[in-house]
There are 2 protein chains.
Amino acid sequence: MIFIMFFSTFEYKHFIGMSKCEQCIIRQFNSLKALTKDELIRISGCKTSRTVKKGDIIFEEGDSINGVYCIKDGVCKLSKLSANGKDQIVKLVVKGDLLGQRSLIGDESANLSAVALNDMEVCFIPKSEIMSDLENNPKFTLDMLQQMAHDLKESDNVIVDMAQKSVKNRLADVLLYISEHFGTDDADYLSITLSREDYASIVGTATESAIRILSQFKKEGLISTKGKQIRIEDHEGLRRVE
Amino acid sequence: MIFIMFFSTFEYKHFIGMSKCEQCIIRQFNSLKALTKDELIRISGCKTSRTVKKGDIIFEEGDSINGVYCIKDGVCKLSKLSANGKDQIVKLVVKGDLLGQRSLIGDESANLSAVALNDMEVCFIPKSEIMSDLENNPKFTLDMLQQMAHDLKESDNVIVDMAQKSVKNRLADVLLYISEHFGTDDADYLSITLSREDYASIVGTATESAIRILSQFKKEGLISTKGKQIRIEDHEGLRRVE
DNA sequence: TTTAAAATATGATTTTTATCATGTTTTTTA
DNA sequence: TAAAAAACATGATAAAAATCATATTTTAAA
């Protein structure tokens, strides 16, 4: 037990999940910002914090979630297994987002699975706490409602794109979306790296098709790659893809 | 002006949109049921009621809606024009549903167009009234949130189906969905009649493809038709379509 | 009620995408 | 670090769906 002595206060709190919600900047990015100081302190007292390794399952379709995850760091995919046995990625969830709120509000088991795309750090807030805030803090509920309205709009737009755009067009869109929403590193590579299979699973196509199209984009000078990493070389060109 | 004398009190109120929300059973089917009697009386005083003819546009993409519609009778489609010039139907909205709440909550112009599929009767409640209730009645906001969570789940599931199922499979699903959600008439025909173009626009395919597949379903004895009307002859068969 | 327009229907053809097959590269693990 | 596994790549072929063309039927309008 001697090694505990080397932990600083910060590291110790961090390790066992005792860092304070009131002082956490992450909450500014989601509906938790609408909570009062007292509510945050209460949540701080019952939340748990944990790390999730790349590839780990946070929850699966059908699981009872019983709470909400606040993503402190990392990225995960929300996907659903279709009848033909293929996974369809519905949404990418990143640092600052909440996870599991839909199931919690609908009082249902998870409709989607959440799997980490890189190492993550997440806080888990039990259902009872969130529900009590939803019932008593109208600002919080309204903020949650606004966020859900935004998600619904995005989902509707994805339906239209799925139905009306070609696979090539959708794949170009995904690259642009990732670039615009999640940014790039210092060498302009997309900050989120996905496997070709993941790209196929977002676009809703066969893995081979996704690979083929990315190769074509490369030949046409629209993108370049370094291993799994992708850099967009011609944004306008990608936008023109049909 | 003499004809006004023939109107009964009921008809008169009905005509100029003065029937009372407190007494309207339709609200039991949507979030308005969470409002208090006082709130309903207040809304009654400022809502307007109108009829919409088949084919009429209730609102279009980009319109500022400035309120919420409560569907007293009839059905409409929510659609979006895609880049290739085709309309994609995202959702069917029926008697009892609310319309426009997403744009109102997000404080945005309409993302979708709403067009009547048959003659409709709708009440319009101005934005200010709804917003004040959202800010002051947590039960109402929570109910709205739960409804929105449900819509989001449905949208996510549509994305998966769009991406992973064949056109034939999706068309079979739509027929079953309409049958299960909107019911049939006394002769078992689907109570909602859609053009082949509308079916194509829900499924996300070419009109000719939708026509062809419906013809095939007919040949296979899965459905029968009488003009535009469709009757499902073999539910299990439709469910097995791949 | 005749005519025009729209919706339905179906064939032929092309395009898009999936599937199968096989090889190469990269990553993981023993 | 060598072997195994996973991911990537690409060709050949098949299947699905779109497009174009052209009737026919139904509906709406003059």
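Scroll up to find the structure this text is about.
Here's what I pulled together on the structure shown here. (Residues numbered from 1 in each chain as written. Chains lettered and ligands numbered in written order. Predicted model: local features only at pLDDT ≥ 70, side-chain atom pairs only at ≥ 80, totals over all residues. Heavy atoms only, no water.)

Counting its secondary structure elements, chain A contains 9 helices and 10 strands. Whereas a compact globule of 242 residues would reach a radius of gyration of roughly 18 Å, chain A reaches 20 Å, a difference of no more than 12%. C-alpha extents for chain A along the principal axes are approximately 55 × 45 × 35 Å. Across the 242 residues in chain A, those meeting the buried criterion constitute 50%. Restricting to contacts in chain A with at least 6 residues of sequence separation, those with at least 24 account for 67%. Carbon together with sulfur atoms contributes 51% to the accessible area of chain A, which is approximately 11900 Å² in total. (Helix = DSSP H or I, 4+ residues; strand = E, 2+ residues; numbered from the N terminus. Rg over C-alpha atoms; globule rule 2.2 N^0.38 Å. Buried < 20%, exposed > 50% of the residue type's maximum accessible area, 1.4 Å probe, protein only. Contact = heavy atoms within 4.5 Å. Areas by Shrake-Rupley, 256 points an atom, 1.4 Å probe, with all protein chains shown as cover.)

Before going further, it helps to spend a moment on the protein's contact with DNA strand D. Near DNA strand D there are 17 residues, and of these A:Arg196, A:Ser215, B:Val167, B:Thr205 and B:Ser209 occur at the shortest range. Within 4 Å of the protein, the atoms of DNA strand D are drawn from sugar and phosphate moieties in a proportion of 56%. One nitrogen or oxygen atom from the main chain of A:Arg196 is found 2.9 Å from a phosphate oxygen belonging to DNA strand D. Top element by residues in the surface near DNA strand D is helix 8 (residues 207-219) of chain A. It accounts for 5 residues. (Near = heavy atom within 4 Å. Polar contact = N/O pair within 3.5 Å; in protein donor to acceptor, adjacent residues only side chain to side chain.)

Before going further, it helps to spend a moment on the environment of A:Lys33. All names here are of chain A. By the element assignment, Lys33 lies in the loop between helix 1 (9-15) and helix 2 (37-46). Sequence separation of Lys33 and Asp143 is 110 residues, and the distance between their C-alpha atoms is 8.8 Å. Excluding its chain neighbours within four sequence positions, the residues that come into contact with Lys33 are Arg27, Gln28 and Asp143.

All buried positions along helix 4 (residues 127-136) of chain A are accounted for by A:Glu129, A:Ile130, A:Met131, A:Asp133 and A:Leu134. Buried residues along helix 4 of chain A sit in contact with helix 2, strand 3 (67-73), helix 3 (101-106), strand 8 (120-126) and helix 5 (138-164) of chain A together with helix 5 (138-164) of chain B.

What follows is about the packing of aromatic side chains. All names here are of chain A. Enumeration according to the criterion identifies 6 aromatic pairs over all chains in this entry. With a centroid separation of 5.8 Å and an interplanar angle of 85 degrees, the aromatic rings of Tyr177 and Phe182 are classed as edge-to-face. On the basis of relative accessibility, which here comes to 31%, the residue Tyr177 falls in the partly exposed class. Residue Phe182 is classed as buried on the basis of its relative accessible area, which comes to 19%. Cluster of aromatic residues (ring-pair linked, three or more members): Phe59, Tyr69 and Phe124. (Phe/Tyr/Trp six-rings, centres within 6.5 Å; stacked < 30°, edge-to-face > 60°.)

The subject of this paragraph is the packing of helix 6 (residues 167-182) of chain A against helix 7 (residues 196-203) of chain A. All names here are of chain A. Following both chains from N to C, one finds helix 6 and helix 7 inclined at 110 degrees, their axes separated by 9 Å at the closest point. Relative to helix 7, the element helix 6 lies roughly perpendicular. Here helix 6 runs over helix 7; the crossing is right-handed. Side by side, helix 6 and helix 7 meet where Val167, Arg170, Leu171, Val174, Leu175 and Ile178 of the first sit next to Tyr199, Ile202 and Val203 of the second. Per-class residue counts for the contact of helix 6 with helix 7 are 8 nonpolar, no polar and 1 charged. (Axes fitted to C-alpha atoms, helices over the stretch in contact; angles between N-to-C directions. Parallel < 35°, antiparallel > 145°, perpendicular 65-115°, else oblique. Left-handed = near helix turned anticlockwise from the far one by under 90°. Nonpolar A, V, L, I, M, F, W, Y, C, P; charged D, E, K, R; others polar.)

Taken together, 17 residues lie near DNA strand C, and A:Val167, A:Thr205, A:Ser209, A:Arg212 and B:Ser215 sit nearest. The separation between a phosphate oxygen of DNA strand C and a polar side-chain atom of A:Lys86 is 3.3 Å. Note that a base nitrogen of DNA strand C is positioned 3.4 Å from one of the side-chain N or O atoms of A:Glu208. When contributions to the surface near DNA strand C are tallied by element, the ones reaching two or more residues are helix 8 of chain A together with helix 7 (196-203) and helix 8 (207-219) of chain B. Here the surface near DNA strand C gets 5 residues from one element, more than from any other, and that element is helix 8 of chain B. Its residues placed into classes, the surface near DNA strand C shows 3 nonpolar, 5 polar and 9 charged.

Residue and element names in this part refer to chain B. Most of helix 7 sits out of view: 6 of its 8 residues are buried. All of the buried residues along helix 7 are Asp198, Tyr199, Ala200, Ser201, Ile202 and Val203. Along its buried surface, helix 7 packs onto strand 4 (75-81), strand 5 (87-94), helix 5, helix 6 (167-182), helix 8 and strand 10 (229-232). Backbone geometry just downstream of helix 7 places Gly204 in the positive-phi region, at approximately 80 degrees.

So, about the environment of A:Asp188. Residues and elements named next belong to chain A. Relative to the elements of secondary structure, Asp188 occurs in the loop between helix 6 and helix 7. Its relative accessible area of 46% is what places Asp188 among the partly exposed residues. A sequence separation of 44 residues divides Asp188 from Ile232, and the C-alpha atoms of the two residues are 7.7 Å apart. Filtering out sequence-adjacent residues up to four positions away, Asp188 remains in contact with Ile230 and Arg231.

Residues and elements named next belong to chain A. Within the open sheet, the 4 strands sit side by side as 1-8-3-6. Their pairing is antiparallel. The open sheet is flanked by strand 1 (48-52) and strand 6 (98-99), the only strands paired with a single partner. Sheet topology note: the strand 3/strand 6 ladder contains 2 bridges and is antiparallel. Bridge pairing in strand 6 links Tyr69 to Leu99. Sheet contacts for helix 4: strand 3 and strand 8; angle to strand 8, the most-contacted strand, approximately 65 degrees. (Pairing = 2+ DSSP bridges.)

Placing chain A over chain B gives an RMSD of 0.0 Å and needs a rotation angle of 180 degrees, together with 0.0 Å of translation along the axis. Both chain copies can therefore be described as sitting about a two-fold axis. Comparing interface residues between copies, 100% of those in chain A also sit at the interface in chain B, which points to an isologous, same-surface contact. (Least-squares fit on C-alpha atoms with pLDDT ≥ 70 in both.)

Turning our attention to the nonpolar core. Among the nonpolar cores identified, the biggest contains 48 residues, and A:Ile130, A:Leu134 and B:Leu134 are the most heavily contacted of them. Those residues in contact with B:Leu134, other than ones at most four positions away along the chain, are A:Leu142, A:Leu145, B:Leu104, B:Ile105, B:Phe140, B:Thr141 and B:Met144. In terms of nonpolar packing, the next biggest core, distinct from the first, is built from 44 residues, A:Val52, A:Met120, A:Val122 and A:Ile159 among them. (Core = buried A, V, L, I, M, F, W, Y, C linked by side-chain atoms within 4.5 Å.)

Any link to function would need more than the numbers given here.
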